[in-house]
Amino acid sequence: MTVTLRPATVDDLLAVGALHQRSRVAAYSSFLPPEALAEPSAQAMGAYWVERWGWERDDHRMTVAERDGRLVGFSYLGPDDEGDPATGLLNAIHLEPDERGRGTGRSLMVDALDAMRARGFSRAVLWVLRQNSHARRFYRRGGWTATGAVRDEHVGPVAAPQLRYARML
């Protein structure tokens, strides 16, 4: 079956949180220790998305991907985190672990880039964990290049450096 994309609703957010947690564990477990991925729980991640959506829904966009009526991925985008009005930020693309390699991530990325263009952005940026080689390859194939900017984030108690990528729209 084909994947369908649609705008997220508030009713999707708890399921998005649970998917986000499963996606993080699957994507990061090869380079982060289990204690880094133990929290937040799926329920806490759902609560996080409910709260975040409440604050950001006016200038952010979440798209969900469904296959056979089942939520299998999502993207989240908004304005640049460094304040450049010409730049949009792709905050997240997350997939159910069994969706990797099926084109769903690519569909979500293309949709997000189209949405940023429609919002008048001429450039897109994102942050990706340095050790996430799978995601870095995915973004490079999508036309993104590393800018050289690095920031330190934490995944649980573990420092996890992130790299900034960019591409023109």
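For the structure itself, look to the data block above.
Peer 1: Tell me about the pattern of salt bridges, and name the residues and values.
Peer 2: Scanning the entire structure with this criterion turns up 14 salt bridges. Put simply, glutamate 56 and arginine 52 hold a salt bridge, and the shortest N to O gap is 2.7 Å. Linking glutamate 56 with arginine 52, this pair stays in helix α3 (residues 42-56), spanning four residues, or about one helical turn. A salt bridge links arginine 164 to aspartate 81; its shortest N-O distance comes to 2.9 Å. Of this pair, arginine 164 sits in strand β7 (residues 158-168) while aspartate 81 sits in the loop between β3 (70-79) and β4 (87-95); the two residues are 83 residues apart in sequence, bridging distant segments of the chain. Its relative accessible area of 3% is what places arginine 164 among the buried residues. Each of Asp80, Asp81, Glu82, Arg151, Glu153 and Arg164 takes part in a single network of salt bridges with overlapping partners.

Peer 1: Tell me about the pairing of β7, and name the residues and values.
Peer 2: In terms of residue burial, β7 counts as a mostly covered element, since nine of its 11 residues are buried. By the bridge criterion, eight bridges tie strand β6 (residues 145-155) to β7 in an arrangement that is antiparallel. Bridge pairing in β7 places valine 155 opposite valine 158. What sits between β6 and β7 in their antiparallel hairpin is a turn of two residues, with glycine 156 showing a positive phi close to 60°.

Peer 1: Break down the pairing of strand β5 (residues 123-129) for me, citing the residues and quoting the values.
Peer 2: Sheet faces and side chains relate simply in a regular strand, where the side chains alternate between the two faces. Among the seven residues in β5, six count as buried, and that is most of the element. Where β4 meets β5, three bridges bridge the pair, whose relative direction is parallel. Bridging across to β5, leucine 89 finds its partner in valine 125. A crossover connection joins β4 to the parallel β5 through helix α4 (residues 104-118); in handedness this β-α-β unit is right-handed. Bridging between β5 and β7 involves seven bridges; their strand directions are antiparallel. Paired with arginine 123 across the two strands is methionine 168, which belongs to β7.

Peer 1: Could you give an account of the nonpolar core, naming the residues involved and the relevant values?
Peer 2: Nonpolar side chains tend to gather and get buried jointly when the protein is soluble and globular. Within the largest apolar cluster, 23 residues are counted, with the highest numbers of intra-cluster contacts made by Leu90, Tyr139 and Trp144. The element contributing the most residues to this core is α4, with six residues. Not counting the four nearest positions on each side in its chain, leucine 90 is found in contact with Tyr76, Leu77, Ala112, Met116, Val125, Leu126, Tyr139 and Trp144. Judged by nonpolar contacts, the second largest core, of 13 residues, contains Leu19, Trp49, Tyr76 and Ala92.

Peer 1: Let's hear about the side chain of serine 23: which residues, and what values?
Peer 2: Here serine 23 lies in helix α1 (residues 13-28). A relative accessible area of 8% means that serine 23 is categorised as buried.

Peer 1: If you had to explain the packing of α1 against α3 to someone new, which residues and values would you point to?
Peer 2: Two elements in contact, α1 and α3, have axes whose closest approach is 7 Å; the angle formed by their N-to-C orientations is 125°. By the angle between their axes, α1 is oblique relative to α3. As for the relative orientation of α1 and α3, their crossing is right-handed in sense. Here Leu13, Leu14, Val16, Gly17, Ala18, His20, Gln21 and Arg24 of α1 come into contact with α3, specifically with Ala42, Met45, Gly46, Ala47, Trp49, Val50 and Trp53. The class makeup of the residues in the contact of α1 with α3 is 10 nonpolar, four polar and one charged.

Peer 1: A description of the sheet that holds strand β2 (residues 61-67) should follow, citing residues and the corresponding values.
Peer 2: Ordered in space as β1-β2-β3-β4-β5-β7-β6, the seven strands form an open sheet in which the pairing is mixed. The open sheet has two free edges, formed respectively by β1 (3-7) and β6, since each of these has just one partner strand. Taken pair by pair, the neighbouring strands of this sheet meet at an average axis angle of 25°, ignoring direction. Against the sheet, α3 touches β2, β3 and β4, its axis set at about 40° to β3. Along the sheet face, α4 touches β1, β2, β3, β4, β5 and β7 and points at about 160° away from the line of β4.

About the criteria used
Residues numbered from 1 in each chain as written. Predicted model: local features only at pLDDT ≥ 70, side-chain atom pairs only at ≥ 80, totals over all residues. Heavy atoms only, no water. Salt bridge = Lys/Arg side-chain N within 4 Å of Asp/Glu carboxyl O. Helix = DSSP H or I, 4+ residues; strand = E, 2+ residues; numbered from the N terminus. Buried < 20%, exposed > 50% of the residue type's maximum accessible area, 1.4 Å probe, protein only. Pairing = 2+ DSSP bridges. Right-handed = clockwise from strand over helix to strand, strands pointing away. Core = buried A, V, L, I, M, F, W, Y, C linked by side-chain atoms within 4.5 Å. Contact = heavy atoms within 4.5 Å. Axes fitted to C-alpha atoms, helices over the stretch in contact; angles between N-to-C directions. Parallel < 35°, antiparallel > 145°, perpendicular 65-115°, else oblique. Left-handed = near helix turned anticlockwise from the far one by under 90°. Nonpolar A, V, L, I, M, F, W, Y, C, P; charged D, E, K, R; others polar.

Just geometry here; none of it tells us what the structure is for.
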